[in-house]
Amino acid sequence: MNRMTATECLLEMCEEHLELEDYQSGVPRWCTGCGDNAILAAVQRLCRDEGLRPEKTVFVSGIGCSSRFPHYMKTYGFHGIHGRALPVAEGVKMSRPDLDVFVNTGDGDCCSIGAAHWIHALRYNMNLTVFLHDNQIYGLTKMQASPTSPIGTKSNTTPRGSMLEALNPLTVTLGVQNVSFVAQAVDWVPELLYDIVKAAYHHRGLSFVRIVQRCPEWMPKLHDPWLHDPNRVQVLHHARGLQVSAALGRVYRNQLEHDPLDLDAARRIASGNDAIPVGILYHDPEVPCYEDFKRSTLLRTPALIRSGLQAQFDKFTVWPKAAEVETAQQAA
Amino acid sequence: MDANATHSDRVAFYLTGRRAEGMREVGALRPALQARYRDLTSLRHDFPLVLATSGDAAAPSLTALVDAALASIAKGADAERARRQVLRVEQEVRVLLQQGVEGTLAKLWSDATARLAPGRDASLAEAARRARATIAVDGPLLRCDATLPERLLQHVWQQEQQRKQTALRERLVRLIQQLSDILRADFERSGAGRDATRLKASVGSGHGDLFDFDAMSRVLARATPREPMPEARRERIRRLLGVLDAQPFVALPDENAARAAGHAAYGYRFDSCAAALAAWRERLPKLIELARAIEVAELEIDGRYHAERHDALFASYGANGLEPDLLSHFPDVFVCLDGTSLDAAEQTRLMEILAGELPIKVLYRVDDLLAALDDAAAPTSPGLRCRQIAHMAMGLNQVYVLHAAASHLPRCGERIARAMRFAGPSLFCIYSGASGAATGQSTYLAAAAAMESRAFPAFVYDPSGGPDWASRFHLDDNPQPELDWPIHRFEYEDARLQRVSVELAFTFVDFAAGDARFAPHLARLTPGSDESDLAPIDEMLLREAGRLPERIPCVRMIDERDRLHTVLVDEQMMRKARRSREMWHSLQELGGVHNSHANRLLERERAAWEASHAAASALPAATPAAIEAQAAATSLLAEAVPEPEAAAPSRDDAYIETVRCSTCNECTQINPKMFAYDANKQAYIADLKAGTYAQLVEAAESCQVSVIHPGKPQNENEPGLAELLVRAEPFR
């Protein structure tokens, strides 16, 4: 119903409005300068602007610096085990489809130990919003190379420099058949970060946002070339994607109009080398969500449950020898 | 001489109605254009209808069903024969109906087959059986008679009602279930819910002796939540359950009705406005209570009901009346009125219903359109009264009005369904054609003639169709709506056995001429009379009234043996016809056909366009130099506007580009009083005096996104300024 009735208008007037600080729980223990702070600010802005009810919002995480996120949000949260942020989030969504479920995972948690869950979560396409906090290093465990670390990264486990080419999370997600929303953001352009987070929230399906994030402690100089030269950030814009404001457009002049429905162009952009693409790479609103297939209109009354149980038990019941008793009675 | 005398006799008849010699009574004549429609049983027309309970259409016609069946079974070598046989059975069904046999399609089809089968070979029965098997729907057959409007509309209304009641019932059952679940969950977590006997009962008989239930109960009692549900909330939920269980609007399935035993659901079908209004007024408080209970229940289940905020709101719920969109979820009321015999009080109540936007669907059935012209006791004919009511309803703007003759109803399926779904009052003005005053005409033909002659045109006013008359009002179902009267080709054999083809208009007079009450105003001429001074009605109406007529209006009619006669018409009839034509014109204007406002606007625009066109061609062609000069002027103007912000101005004050701040906490860690976060958690300079220039420069250097600009130092006496200014240089 687009038009609101008088009662609905009055009810909306009575609703309490929460400020940004109302979503803040505790003081973040991330390093000063960590990109996670920017992501936290953007997500809290989203909660305030969309009026998300804290008791209807869940943040699910695995293990890593990124996964400290639920501790700092005054909503429901689940800090799970390593690599299993996505399965837990899918379980929450299936049993409570009415909740807004967000997933905070890192480059180790998602692309290394959690890689299997990652692929299948994309296929299920449940209505989740997934943030990949990609700082290209294992930060919490004090500097080991991750799958997205650039080749040659010197770390505790790769003292002579890592030997494998970095995994590209964008091309991997764009390669999964059922994908419905893929976007990339950088934590040092807060305006675009917020717009992408908002678009990801509004998309109905699995929204995968890779946030390229600075780690000032272990990889302080890694992103300097892109931080200091705005032209090495390519802003993707489109009527169906992001709109670039005038002020931002003056600083970030490297812009490309890219249609989010064009999968081949998205894959080309994702595979590109020099400039970091920022924006919505792919967005298909029509992909169905797994929880919709499983939803039933039947009301789970006690009678329904009882009849279902009885039907199952009847398959295994050993019937008393009613047949023999009957024939005996007939004979008599 | 003879011709003149006859002519002045004719003029005398026209002006006074006095018949001279050579003019006879009309007797049992019918309008000429109805010549081909004598025996309706052999005509494959829209009737009979099947009141189907399944399938897409609420009431498909037999013709359509048989056509669909033939399309699928009449294939191959046998196609033509099967087709003929099935059509013969269809015709027999019509014969049975005309003889008064009632029943469903299945019954009548088998009866018809049984009657035809003896005397024909077995293939007829076989073809009929196959056709019947392909037709998926079944239901009572409806002829076009006086009961058609009521039965058809009630059928469609009931289908819509079923849908609404099912939806409402499901919603209520779900709400009751979820509210009961809340109460039960609360009970289970309370002390009483965790006592030993209940725990033992919940484990089941197989494992009852494995546990010490007293101990279990003691352990669980200690784990009882410290904040049980407030008693006020529990009481509120119980009250809600009471209202939802006991509501009288829809019947709930048995399981839940056990709590509300003895409560019959309301009835929704009435025969008078008085009864409908009384019922509405009596039920309104209960309706408001139920609507309020549903809204509060939804909030309560979602956990969003806050007594301190919402109690006052819901205390006065419905005081302003309930909106039509909300009411559309509840079943609505159907009233059948007989318009031919409606008194003034009932009419006032009808207008009250329509003006009050109550969700009531009204059938206003008129059996007889015309009243005899000289009848002083009935100054307004029923047809006119019906038209008045339809116009008044349209003027209220929020009433769905469908005005049609019964013969047209099979084509209105979609419109009728929309009317029944409309959230608000709907008015159906239907002329059934069953007056019996028309000589030798079936009900269907009488109704069809009324529509054809514009005496009872078909129009629809659909408020849900859009914001303006163009999208709401539809006249296009009428034949040839851009003409005054529909014109048809008529062929006959003249005295010399030559085929003559003329175009005849079917006018109001043709419709009324078949009615016995108008016989005094018609005079039949002897065949073979001179017809040079006669003219058809539509031509005569185009001339002005009131002058001595040179020509006399006449109509063509036929008798039972299909012989053609010419019938004179007097002035009173012509006046009626003129009025009918004018009423049709005003309907046309409403429907946008020959709309006078549109025409005048078009004329003005055309004159303006012609004037400007003439002026433009009168000027000499613009010289190339002039055009260039104009182009240059515009480009100069464009360049004159300076490029905004070609370079960012360097300011002397310290500032932060707050919009680009990435909330990394570097500057707030350095000096939380100088640097603060705004409502979006992005940094700005809160108090410049709260810190030193050194701190500004340090913050600028540590800022990850380099958005801090230290500017010039405020305090000239700060130590180490020279080195700091050098460090601050890149951040200008």
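Residues numbered from 1 in each chain as written. Chains lettered and ligands numbered in written order. Predicted model: local features only at pLDDT ≥ 70, side-chain atom pairs only at ≥ 80, totals over all residues. Heavy atoms only, no water.

Asks: Go over the overall build of chain A with me, naming the residues and quoting the values.
Replies: Counting secondary structure elements, chain A contains 13 helices and nine strands. Classification of the 332 residues of chain A by burial places 47% in the buried group. Considering only contacts within chain A whose residues lie at least 6 apart along the sequence, 66% involve residues at least 24 apart. Only carbon and sulfur atoms are counted for the fraction: they give 55% of the accessible area of chain A, which is about 16500 Å². With 32 positive and 36 negative side-chain charges, chain A shows a spacing of 4 Å between the two charge centroids. (Helix = DSSP H or I, 4+ residues; strand = E, 2+ residues; numbered from the N terminus. Buried < 20%, exposed > 50% of the residue type's maximum accessible area, 1.4 Å probe, protein only. Contact = heavy atoms within 4.5 Å. Areas by Shrake-Rupley, 256 points an atom, 1.4 Å probe, with all protein chains shown as cover. Lys, Arg positive; Asp, Glu negative; His and termini not counted. Charge placed at Lys NZ, Arg CZ, Asp CG, Glu CD.)

Asks: Outline the overall build of chain B, supporting the account with residue identities and numerical values.
Replies: Counting secondary structure elements, chain B contains 26 helices and 21 strands. Its C-alpha atoms put chain B at 135 × 110 × 65 Å along the principal axes. Expressed as a percentage of its 732 residues, the buried residues of chain B come to 44%. A separation threshold of at least 6 residues defines the contact pool for chain B, and within that pool the share at least 24 residues apart is 70%. Of the roughly 37300 Å² of accessible surface on chain B, a fraction of 53% belongs to carbon and sulfur atoms. Computed over 86 positive and 102 negative side-chain charges, the separation of the two mean positions in chain B equals 5 Å.

Asks: An account of the state of the cysteines is needed here, citing residue identities and associated values.
Replies: All names here are of chain B. Scanning the entire structure with this criterion turns up zero disulfides over all chains. In this structure Cys-386 is not part of a disulfide, and its nearest cysteine sulfur, from Cys-429, lies 3.8 Å away. The thiol of Cys-667 is not disulfide-bonded; the next cysteine sulfur, from Cys-661, is found 6.2 Å away. With a relative accessible area of 10%, Cys-667 lands in the buried category. (Disulfide = S-S within 2.5 Å.)

Asks: A description of helix H16 (residues 413-421) of chain B should follow, citing residues and the corresponding values.
Replies: Every α-helix carries 3.6 residues per turn, so stepping three or four residues along brings you back to the same face. Residue and element names in this part refer to chain B. Considered for burial, the residues of H16 that qualify are Ile-416, Ala-417, Ala-419 and Met-420. All buried residues of H16 lie within an arc of 160 degrees about the axis, which places them on one face of the element. Structurally, H16 contributes buried residues whose contacts are with helix H6 (148-189), strand E6 (333-338), strand E7 (360-366), strand E8 (400-405) and strand E9 (426-431). (Arc of directions from axis to C-beta.)

Asks: Describe the pairing of strand E5 (residues 181-186) of chain A, listing the residues and the values that go with them.
Replies: All names here are of chain A. Most of E5 is tucked away, with six of its six residues classed as buried. Alternating positions in E5 separate into two faces, Phe-181, Ala-183 and Ala-185 on one and Val-182, Gln-184 and Val-186 on the other, with burial throughout. Direction of pairing for E5 relative to strand E6 (residues 207-212): parallel, over a ladder of six bridges. Of the residues in E6, the one forming a bridge with Ala-183 is Val-209. (Pairing = 2+ DSSP bridges.)

Asks: How would you summarise the interface of chain A and chain B if you had to cite specific residues and measurements?
Replies: Listed as interface residues are 39 residues of chain A and, on the opposing side, 33 residues of chain B. Both faces combined, the contact of chain A with chain B buries some 3000 Å², and carbon together with sulfur accounts for 52% of it. Per-residue buried area on chain A facing chain B is highest for A:Leu11, A:Thr32 and A:Leu299; these three make up 16% of the total on that side. Where chain A meets chain B, there are two salt bridges. Measuring nitrogen to oxygen at the nearest pair gives 3.6 Å for the salt bridge that ties A:Arg53 to B:Asp302. (Buried area = accessible area lost by both parts, 1.4 Å probe. Salt bridge = Lys/Arg side-chain N within 4 Å of Asp/Glu carboxyl O.)

Asks: Explain helix H5 (residues 122-134) of chain B to me, and be specific about the residues and the numbers.
Replies: All names here are of chain B. Given a rise of 1.5 Å per residue, 13 residues ought to cover 18 Å, and the 19 Å separating the end C-alpha atoms of H5 matches this to within 8%. Within H5, burial applies to Leu-124, Ala-127, Ala-128, Ala-131 and Arg-132. Taken around the axis of H5, the buried residues stretch over an arc of 135 degrees, which confines them to a single face. Among the exposed residues of H5, those pointing more than 90 degrees away from its buried face are Ala-122 and Ala-133. (Expected span 1.5 Å × (residues − 1).)

Asks: Before we move on, can you summarise the nonpolar core with the specific residues and values?
Replies: One finds B:Leu244 and B:Tyr364 to be the most contacted residues of the largest nonpolar core, which totals 151 residues. A total of 14 residues in this core trace back to one element, the largest contributor, which is helix H11 (residues 273-302) of chain B. Contact partners of B:Leu244, with chain neighbours within four places excluded, come to B:Leu172, B:Leu175, B:Ile176, B:Leu179, B:Leu252, B:Leu290, B:Ala293, B:Ile294 and B:Ala297. In terms of nonpolar packing, the next biggest core, distinct from the first, is built from 64 residues, A:Leu248, A:Ile276, B:Ala654 and B:Leu724 among them. (Core = buried A, V, L, I, M, F, W, Y, C linked by side-chain atoms within 4.5 Å.)

Asks: Explain the packing of helix H3 (residues 85-95) of chain A against helix H5 (residues 115-124) of chain A to me, and be specific about the residues and the numbers.
Replies: Residues and elements named next belong to chain A. Running from N to C, H3 and H5 point in directions that differ by 30 degrees, and their axes come no closer than 9 Å. By the angle class used here, H3 and H5 are roughly parallel. Counted together, Leu-86, Pro-87 and Glu-90 of H3 and His-117, Trp-118, His-120, Ala-121 and Tyr-124 of H5 form the full contact between these two elements. For the contact of H3 with H5, the per-class residue count stands at five nonpolar, two polar and one charged. (Axes fitted to C-alpha atoms, helices over the stretch in contact; angles between N-to-C directions. Parallel < 35°, antiparallel > 145°, perpendicular 65-115°, else oblique. Nonpolar A, V, L, I, M, F, W, Y, C, P; charged D, E, K, R; others polar.)

Asks: Before we move on, can you summarise the packing of helix H15 (residues 382-395) of chain B against helix H21 (residues 571-590) of chain B with the specific residues and values?
Replies: Residues and elements named next belong to chain B. Running from N to C, H15 and H21 cross one another at 20 degrees; their axes reach a closest spacing of 14 Å. As summarised for this structure, H15 and H21 are arranged roughly parallel, according to the angle between their axes. Considering only the axes of H15 and H21, their crossing is left-handed. Each of Leu-384, Arg-387, His-391 and Met-394 in H15 lies in contact with H21, whose residues at this interface are Arg-579, Met-583, Leu-587 and Leu-590. (Left-handed = near helix turned anticlockwise from the far one by under 90°.)

Asks: Please give an account of a nonpolar patch on the surface that cites residues and values.
Replies: A contiguous nonpolar surface patch, about 470 Å² in accessible area, is contributed by A:Leu298, A:Leu304, A:Ile305, A:Leu309 and A:Phe313. In this structure, A:Phe313 sits in helix H12 (residues 302-316). (Patch = residues over 30% accessible without salt bridge, like charges linked within 9 Å, V, L, I, M, F, W, Y side chains within 5 Å.)

Asks: Lay out unusual backbone geometry with the relevant residues and their values.
Replies: Residue B:Pro48 is bonded to the preceding B:Phe47 through a cis peptide linkage, with omega at 0 degrees. Residue placement: B:Pro48 occurs in the loop between strand E2 (30-31) and strand E3 (49-50). Phi at A:Met143 is positive, roughly 75 degrees, even though this residue is not glycine. Among the structural elements, A:Met143 can be located in the loop between strand E4 (128-134) and helix H6 (169-174).

These figures come from the coordinates and say nothing about function on their own.
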